[in-house]
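Survey of secondary and tertiary structure
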Amino acid sequence: MITVDSLSKKYGGRTVVDNISFTARAGRVTGFLGPNGAGKSTSMRMMVGLTRPNSGNATISGRRFADLPNPGLEVGVMLDASAQHAGRTGREVLTLAQQMIGLPTRRVEEALDLVSLTETDANRRVGGYSLGMRQRLGIAVALIGRPSVLILDEPANGLDPAGIRWMRDLLRDYADDGGTVLLSSHLLHEIEVIADDIVMIGGGRIVSQGSLAELLRAAGSIVRAQDPDALERALSGSGFVTTRSEDGSLRSDADPTTVGLVARESYLALIELRTAEGGLEDVFLQLTSDTEREGRAA
Amino acid sequence: MTTKALDPVRVQASARQVSLSRVTYVELGKMFDTRSGFWLMSSIVIAALLSTVATILFAPDAELTFYTFAEAIGFPMTVILPIIALLSITSEWTQRSGLTTFTLVPHRNWVILAKVIASVAVGVVSMLVALAIGVVGNLVGTAITRTDRVWDVSVAHFLLIVLGSLLCLLTGTTFGILFRSTPVALVAYFVYSLVLPTLFGILASSQERFLELQPWVDASNAQAPLFDGSIAGDQWAHLAATAVAWLLLPALVGLRLIARSEVR
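Residues numbered from 1 in each chain as written. Chains lettered and ligands numbered in written order. Predicted model: local features only at pLDDT ≥ 70, side-chain atom pairs only at ≥ 80, totals over all residues. Heavy atoms only, no water.

Assignment of secondary structure puts S55(A) in strand β4 (residues 55-60). In this structure, the C-alpha to C-alpha distance between S55(A) and S6(A), residues 49 residues apart in sequence, is 7.1 Å. (Helix = DSSP H or I, 4+ residues; strand = E, 2+ residues; numbered from the N terminus.)

Here it is, written out as structure tokens:
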């Protein structure tokens, strides 16, 4: 389990991470979602003691990272797959981790197997690796000590669709066995296919968090009625916010069941009623466009 | 792929503390396991061999003594050893492997201490290798020129040379700790070792007041009597003063910066 409690980080006068708190639970894959520059990497670096927070703290299985006697056995970390000495082979990189943690040498081969790096790949220098291979090696380094917690920054970056599927299965199995996974991404669809829980961050603040199912449910519904004006009146009369789109359908923040009940009470005939799945995406796109605007202004 | 191999939930009975000796062992390995590291280490032996051959070929027969060999082998050593020590520190930042190293060992001072121990070990072993090469050189050289063998380096003198070389090596460590960037630390080190002595010399000859101060601040001047084995009296105090000023203080400042810095 990872517990983040009121973490904040400022650089100069700029607040990069602003008082974030969340818990990544055991047995679940928690997606840390946010546009580039939202503070995801800084937050993750603070969790593993590479960056000192201005305030707040983070614990892993109840202990601060610096207090773990042998961190490699408890938490697997991959913050940047490219951050390896280009002159070492994949096997050498893994061997260093194996020796540092004090594991038997066979763990190196097991870790290579786990991420499907071949014998030939393992004996090549990391400098010649593709980004996808570096990601696999980074995940192997994170997994070599059989930790119960994984912290991965943008692990799907550079993976092809088959690679993303592979990673989803790997992390799914890992969480199903009771492990805690926290992974970040700036791509919504990556997170949607992998994560159980989502923590969405924008401009250093948490803007939304909960289980994927909850967040999707919170998106409301799309409804089409024979008499859209009447339905709009009925819904706003019940206190729900609706917007009309060009094709005549209504979007409401009420869930489909509620919309159906409201329509029945007003004797309105519905043509279509479904969950609005883009809710998470809307919030995320709003965030992304905000950051882009800030980026342009700067 | 087997999920059982992950086995994340298990009793961490084997969660032994990462020991300093283990970190030192790993750090020692990291000095050799890259191509650049390997050739840097090899260059110590190669330079020692070349110096020995050059001494046999070019030194006048009368000067073909063990000290001549020691001097010839020692000079490249004082250039290469500090670079090895410096790179072992800075590569964690410049090559960004520190991201992994400092998440496996959160106590950064331990990692640095391990690197210092590993560098000193490399330095001592290199000196012994150099000693052996020098002995062979003197035996072979004098056999070729048919001159008398002169063993004019005592054990005490050899130990002083080792001390001098280790001080050079540790200067590399200090600059690595202080700047944490290979290019910056290397430039700073070369300014210190090549430009500064000349500058001090000019200052001393033009400013009378500096002449008195020079022994206390000029590290290369203070270390010179170690290499010719003549160090005595005040010179020890000069050596200690320059070591505090150029090694200890900058290293302490650097360690503080490392503890507070961000590893990216």
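We are not done yet, so read on.
This part covers the domain arrangement of chain A. Here the domain parsing of chain A yields domain 1 (2-210) and domain 2 (220-276). Taking the mean C-alpha position of each, domain 1 of chain A and domain 2 of chain A sit 43 Å from one another. (Domains from an automatic or database assignment.)

Strand-to-strand pairing in sheets goes through backbone hydrogen bonds, with the strands running parallel or antiparallel. Residue and element names in this part refer to chain A. Spatially, three strands are ordered β2-β1-β4 in an open sheet, and the strand pairing comes out antiparallel. At either end of the open sheet lies a strand with only one pairing partner, and these are β2 (14-24) and β4. Across the sheet, the mean angle from the axis of one strand to that of its neighbour is 20 degrees, orientation sign disregarded. Looking at chain direction, strand β1 (residues 2-11) and β2 are connected through seven bridges and run antiparallel. For V4, the partnering residue across the bridge sits in β2 and is F22. (Pairing = 2+ DSSP bridges. Axes fitted to C-alpha atoms, helices over the stretch in contact; angles between N-to-C directions.)

Look at S116(A): it is not a glycine, yet its phi comes out positive at around 55 degrees. Note that S116(A) resides in the loop between α4 (106-114) and α5 (119-122). For S116(A), a relative accessible area of 43% translates into the label partly exposed. Positioned with a positive phi, R180(B) is a non-glycine residue whose angle comes to about 55 degrees. (Buried < 20%, exposed > 50% of the residue type's maximum accessible area, 1.4 Å probe, protein only.)

With that settled, consider the packing of aromatic side chains. Residue and element names in this part refer to chain B. Counted according to the given criterion, the structure contains eleven aromatic pairs over all chains. Residues F66 and W151 carry aromatic rings whose centres are separated by 5.3 Å and whose planes lie at 55 degrees to one another, so their mutual orientation is tilted. Of the two residues, F66 is situated in helix α3 (residues 66-94) and W151 in the loop between α5 (108-145) and α6 (155-179); the sequence distance between them amounts to 85 residues. Under the relative-accessibility criterion, W151 is labelled partly exposed at 43%. Ring centres of Y192 and W246 lie 5.1 Å apart, and the angle between their planes is 55 degrees; on these two criteria the pair is classed as tilted. Here W246 lies in helix α10 (residues 234-260) and Y192 lies in helix α7 (residues 182-206), a separation of 54 residues in the sequence. An aromatic cluster is present here, built from F175, F179, Y189, F190, Y192 and W246 joined pairwise through their rings. Lying across the ring of F102, R108 places its NZ or CZ 5.8 Å from the centre. The ring of W93 has R180 sitting right over it, with the charged end atom 6.0 Å from the ring centre. (Phe/Tyr/Trp six-rings, centres within 6.5 Å; stacked < 30°, edge-to-face > 60°. Lys NZ or Arg CZ within 6 Å of the ring centre and 35° of its normal.)

All names here are of chain B. Across the interface, helix α2 (residues 35-58) lies against α5 with an axial gap of 9 Å and an inter-helix angle of 25 degrees. The orientation of α2 relative to α5 falls into the category roughly parallel. You can see that α2 and α5 cross each other, and the crossing is right-handed. Where α2 abuts α5, its residues M41, I44, V45, A48, L49, T52 and I56 lie against V122, S126, V129, I133, G137, V140, G141 and I144. Along the lines of polarity and charge, the residues of the contact of α2 with α5 split into eleven nonpolar, four polar and no charged. (Parallel < 35°, antiparallel > 145°, perpendicular 65-115°, else oblique. Left-handed = near helix turned anticlockwise from the far one by under 90°. Contact = heavy atoms within 4.5 Å. Nonpolar A, V, L, I, M, F, W, Y, C, P; charged D, E, K, R; others polar.)

Contact residues are listed per partner, giving 47 residues for chain A and 45 residues for chain B. Summed over both sides, the interface of chain A with chain B buries roughly 4,100 Å², with 57% coming from carbon and sulfur. Taken as a group, L50(A), M100(A) and R146(A) account for 19% of the area that chain A buries against chain B, more than any other trio of residues on that side. Inspection of the region where chain A meets chain B yields three salt bridges. The residue D33(B) makes a salt bridge to R88(A) at a minimum N-O spacing of 2.7 Å. (Buried area = accessible area lost by both parts, 1.4 Å probe. Salt bridge = Lys/Arg side-chain N within 4 Å of Asp/Glu carboxyl O.)

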